[in-house]
Amino acid sequence: MKNKAEVVIIGGGISGCSIAYNLAKKGVKDIVVLEKDYICSGSTGRCGAGVRMQWGTEMNCKIAKKSIEFYENANEILQYERDVEFKQKGYLLVADTEHEMEQFKKNIEVQHSCGVPSKMLSLKEAKEIVPYLNTDILKGAAFCDKDGFLNPFHTTDAFYRAAKRLGAKFYTFTEATGIKVENGRVTGVETNKGFISTNVVVNAANAYAKNICDMVGVDIPAYSERHQILVTEPVEPMQDPMVMSFRLNFYIQQSPEGTFIMGRGDENEPRGLKVASSWQFIEEMAKTIELVLPPISKLRVIRQWAGLYNMTPDKQPIYDKAENVEGFYIALGFSGHGFMFGPITGIAMSEIILEEEPTIDVSMLNLSRFKTGRLLLEPSVV
Amino acid sequence: MDENTIICRCSDVTLKEIRELIQEGYVTFDEIKRITRAGMGPCQGKTCGQLIMREIANATGQNIKDIKFQTNRPPVVGVKLGLIAKEARRNEE
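Rules of the game
Residues numbered from 1 in each chain as written. Chains lettered and ligands numbered in written order. Predicted model: local features only at pLDDT ≥ 70, side-chain atom pairs only at ≥ 80, totals over all residues. Buried ≥ 20, exposed ≤ 12 C-beta atoms within 10 Å, placed from the backbone. Helix = DSSP H or I, 4+ residues; strand = E, 2+ residues; numbered from the N terminus. Pairing = 2+ DSSP bridges. Contact = placed C-beta atoms within 7 Å. Axes fitted to C-alpha atoms, helices over the stretch in contact; angles between N-to-C directions. Nonpolar A, V, L, I, M, F, W, Y, C, P; charged D, E, K, R; others polar.

Notes on the pairing of strand S16 (residues 260–264) of chain A
Residue and element names in this part refer to chain A.
Right, so step 1: S16 sits mainly inside the fold: five of its five residues count as buried.
Right, so step 2: Note that strand S15 (residues 250–254) and S16 share four bridges and pair antiparallel. Its bridge partner lying in S16, glutamine 254 is registered against phenylalanine 260.
Right, so step 3: Turn length for the S15-S16 hairpin, with the two strands adjacent in sequence and antiparallel, is five residues, and the turn residue glycine 258 shows positive phi of about 105°.

Looking at the environment of A:Ile129
Residues and elements named next belong to chain A.
Right, so step 1: Relative to the assigned elements, isoleucine 129 resides in helix H5 (residues 123–129).
Right, so step 2: Residues isoleucine 129 and lysine 119 lie ten residues apart in sequence; the distance between their C-alpha atoms is 14 Å.
Right, so step 3: Apart from the residues within four sequence positions on either side, isoleucine 129 is in contact with Leu92, Asp240 and Pro241.

Focus: the sheet that holds strand S10 (residues 185–191) of chain A
Residue and element names in this part refer to chain A.
Right, so step 1: Pairing in this open sheet of three strands is antiparallel, and the strands run S9-S10-S11 from one edge to the other. With partners counted over all chains shown, the strands left at the sheet margins are strand S9 (176–182) and strand S11 (194–197), one partner each. For this sheet, the mean inter-axis angle between neighbouring strands, taken without regard to orientation, is 25°.
Right, so step 2: Direction of pairing for S10 relative to S11: antiparallel, over a ladder of four bridges. Residue pairing in the sheet places valine 189 in a bridge with isoleucine 196 of S11.

A word on the interface of chain A and chain B
Right, so step 1: Tallying the contact residues gives 25 residues for chain A and 19 residues for chain B.
Right, so step 2: Elements with a minimum of two residues in the side of chain A that touches chain B: helix H6 (152–165), helix H8 (279–292) and strand S17 (300–311) of chain A.
Right, so step 3: Across the side of chain A that touches chain B, the residue classes tally to eleven nonpolar, five polar and nine charged.
Right, so step 4: Sheet topology note: the S17(A)/strand S3 (residues 79–80) of chain B ladder contains two bridges and is antiparallel. Considered in S3(B), the bridge of A:Arg300 is made with B:Lys80.

Here it is, written out as structure tokens:
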């Protein structure tokens, strides 16, 4: 293992790999990525594999739009030998109350101001897209055909391999155990396999980001929370878009392999790092699907698992450098959408680190917004 | 053995693909699973698990008992969602 690096990135998920790729592409030498398990073993590899532009805040819309535009050409840009399996069949967001319909209309105004081609749909139009949707319990829907599915493993692998080709070093099964700070400046990272001296550390550990921030005394208002998912046996293609409801609390999409991937949140979920599965989840999920998309309940569930959302008070990420520790950078608090923001996380963080002109001005997503109270709450998260 | 032999019957993964990935440095079952989908299908690795672990052991010189398999996740066998929903409602009554 190297004992010296220009930049050490902690976390080998989509964020860490994308940051490494962007820094390497801009000519930074001696980049080291530390991953305590294997690449894509954390939140990225456990996510729901959906990407969407339909958000409720300007910042989230802009980041998502630019990320999806990247994903449209990811195989070519990253020169990936396999396929990131990007399928743009849309997200159909459904509402079952007038109140949520109003929220959709407000969201669409924000989305249109950012160039997102979303639209409201009548129940009849929604049924044309998903014929077995139980519209009896719904009021209306919103749709954007640029949203879709993307394979998280292959996408992260694509960034990882591209970064590696450009010279970045990845140390898997290597855990950051401490960060050395001298005179207010980062000077190195202690790992379970030895010490690496460096002046720049990037915290891309998402679910474990708070533990990393604690090592240098940077206080962040983010916490981790378990979210669960299940997958069915594969069947012939029968559902184009992701179907999602914030109030009914579910999302469900058919992957290109034919399996259905579905998940929901739990408002009583305690904060923590637990990723064990629960029977309560599978029961609630099964009941919801039977009600909203009856034919899907004939499918067998073959596996359930859980992953961690790293939540912030406004459900938007934090991209920043620490004020009190020079050389310490953070990209965390993705609140369940770190995978879909991956390309911009890499671009934005490389620009912050190298002090370049921003591609998208993400300065609003700084850490101090939680002190000043300038929050823009994202209303659309499952 | 013929390298075109299918090792994972759920996701059509051949011995050749497994061996190539190991050569490229994907040397744990979990890493190979995430690239090829081996172990993610209806059998949940009951067929391919031992075969892939043996390939890893042979290629890396480890003993197969030291190779880590994937996390076993519920349910043990495939169950229809409708049946789960029905049972859940019965318990609520």
